[in-house]
Amino acid sequence: MKIIKLHDLYFTPFISKDKITTIVKSLAKQVKADLPKDEVPLFIGILNGCFLFAADFIREFEGDCEVSFVKLASYQGTTSTEKVKHLVGINEDLTGRTVIILEDIIDTGTTLQEIYNIFRDKNLKQLKIATLFFKPDVFKKELHIDYIGQSIEDKFIVGYGLDYNNLGRNYPSIYQLTTPPKMKNIVLFGPPGAGKGTQATLLKEKYNLVHISTGDVFRYNIKNKTELGLLAKTFMDDGNLVPDEVTINMLKAEVDRNEGANGFIFDGFPRTNSQAKALDEFLAEKGEQINGMVALEVPEDLLVERLLERGKTSGRTDDTDEGKIRNRFNEYNTKTAVLKDYYAQQNKYFGVNGVGSIEDITERLANVFDQL
Ligand code: AMP
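Presented here is a report on the structure given in the accompanying data block. Because the structure is predicted, anything quoted here is derived from the model rather than measured.

**Observations concerning the environment of I20**
Here is step 1: Residue position: I20 is located in helix α1 (residues 17–34).
Here is step 2: Looking at I20, the relative accessible area reads 2%, which means it is buried.
Here is step 3: Contacts of I20, omitting those with residues within four sequence positions, involve I15, Y160, P172, S173 and I174.

Encoded structure:
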């Protein structure tokens, strides 16, 4: 999960879809347990926010029930200052019924109090309130809330039916308002030998960004015979990817080491779908995001030539053996190349022609960096 933008505001992941499912299940169980056997309750959802919650709640409710929705509308009364509130949607006789109001979120409780008052005059047998979220710090009413899914702090939330100026209702999980991202974070992408390292070194100066090359960090650790180095060596020597868990933890530690950075150029990371997801989640926790993936596009035969040439001086064993080089391409084509789609789906993929002089390519990349 990553940061989302709705209109002018940014929101960071807050409560996952799975967690919501657990809360809704538990609410449905509690409500059922408190009802007399054979009682058929009427659930009344308060539109618009509760439509997803109500839909999931009644599916979790075991036993017969009825469901209806209402909306509180206000219209001008007879005098110009008078505002009259009334409910739209309930016409039937509710005498003797057990009514349970379903709310997505209760904050000050003002609207809920008005709705409650209207139902109180309808000769019900019982009137209860179940809410998915509750903000105890701002709730001002005496009203008793019978069922609370989860209490949350007083911050604006969206998703799972809740909106910000009508957007955001369709997200399956809950997001919380956050400050706008401050960093410029770029994934510099491309197959082995595309020139990522060379270009990152130039671009980090120009944009005052921290360059993290996972390959370089691994090589540094191998050279210094650290535990991480010993672990990574066997994979790297054969041109295989180092396992995700190891790589992701290392990357996080590198980012955390550079607190206060303007942003990062990620070079050689992410290389798998789960690395890309982990990166999004990790940045979202900080209220940050990937601005774009900038990819160097170079034909494969030219890449092999470049790598063999580099192998003459780089001292890298994975650059000298054509079999190992082929295996790195195989890893790239089967696990890494798909990331183009991952970022393209978010409109964050920018392809750049990686054939030409170093200066020309830097300029092409800079043109994209400037827009991000
Ligand atoms: P590079 O210097 O980017 O070509 O990386 C050299 C080698 O380091 C790769 O062939 C992998 O064995 C390992 N490596 C670097 N980055 C990653 C990553 N993100 N995931 C897994 N392995 C990696």
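There's plenty left to go through after this.
**Focus on the sheet that holds strand β1 (residues 4–6)**
Here is step 1: Taken in spatial order, the 4 strands of this open sheet run β1-β2-β10-β9, and their pairing is antiparallel. The open sheet is flanked by β1 and β9 (157–158), the only strands paired with a single partner.
Here is step 2: Of the strand pairs in this sheet, β9 and strand β10 (residues 174–178) are connected by 2 bridges, and their pairing is antiparallel. Its bridge partner lying in β10, I157 is registered against Q176.

**Points about the site of the ligand**
Here is step 1: Around the ligand sit 15 residues in total, of which T214, R219, N240, G268 and R271 are the nearest.
Here is step 2: Take N240: an N or O atom from its main chain is 2.6 Å from an oxygen atom of the ligand.
Here is step 3: Q275 places a side-chain nitrogen or oxygen 2.9 Å from a nitrogen atom of the ligand.
Here is step 4: Computed on the free molecule, the ligand has an accessible area of 480 Å², of which 96% lies beneath the protein chains in the complex.
Here is step 5: It is helix α5 (residues 214–223) that contributes the most residues to the shell around the ligand, 4 residues altogether.

**Structural notes on the pairing of strand β3 (residues 42–46)**
Here is step 1: For β3, the tally of buried residues reaches 5 of 5 residues, placing the bulk of the element in the interior.
Here is step 2: Judged by which residues are buried, β3 turns out to be covered on both faces: L42, I44 and I46 on one side and F43 and G45 on the other are all buried.
Here is step 3: When β3 meets strand β6 (residues 98–106), the two strands line up parallel, connected through 4 bridges. Opposite G45, over in β6, you have L102 as the bridge partner.

**What to know about a nonpolar patch on the surface**
Here is step 1: Together, L47, F51, V67 and F69 give the surface a local cluster of nonpolar side chains, amounting to about 290 Å² of exposed area.
Here is step 2: You can see F69 is positioned in strand β4 (residues 66–76).
Here is step 3: Using a relative accessible area of 31% as the deciding quantity, one classes F69 as partly exposed.

**Section: the pattern of salt bridges**
Here is step 1: Scanning the model with the defined rule gives 18 salt bridges in all.
Here is step 2: Across the salt bridge formed by K135 and D154, the nearest N and O atoms sit 3.4 Å from each other. Taken together, the residues span a long stretch of sequence, with K135 in the loop between β7 (126–134) and β8 (147–151) and D154 in the loop between β8 and β9 at a distance of 19 residues.
Here is step 3: Residue classification places K135 among the buried residues on the basis of a relative accessible area of 5%.
Here is step 4: In this structure, E322 and R326 form a salt bridge, with 3.9 Å as the shortest nitrogen-oxygen distance. Separated by 4 residues within a single helix, E322 and R326 lie in helix α11 (residues 322–336), roughly one turn from each other.
Here is step 5: By relative accessible area, R326 is classed as partly exposed at 42%.
Here is step 6: Because the salt bridges share partners, they merge into one network encompassing R310, R316, D318, D319 and R328.

Conventions used here
Residues numbered from 1 in each chain as written. Predicted model: local features only at pLDDT ≥ 70, side-chain atom pairs only at ≥ 80, totals over all residues. Heavy atoms only, no water. Helix = DSSP H or I, 4+ residues; strand = E, 2+ residues; numbered from the N terminus. Buried < 20%, exposed > 50% of the residue type's maximum accessible area, 1.4 Å probe, protein only. Contact = heavy atoms within 4.5 Å. Pairing = 2+ DSSP bridges. Near = heavy atom within 4 Å. Polar contact = N/O pair within 3.5 Å; in protein donor to acceptor, adjacent residues only side chain to side chain. Areas by Shrake-Rupley, 256 points an atom, 1.4 Å probe, with all protein chains shown as cover. Patch = residues over 30% accessible without salt bridge, like charges linked within 9 Å, V, L, I, M, F, W, Y side chains within 5 Å. Salt bridge = Lys/Arg side-chain N within 4 Å of Asp/Glu carboxyl O.

Shape descriptors only; they carry no functional weight alone.
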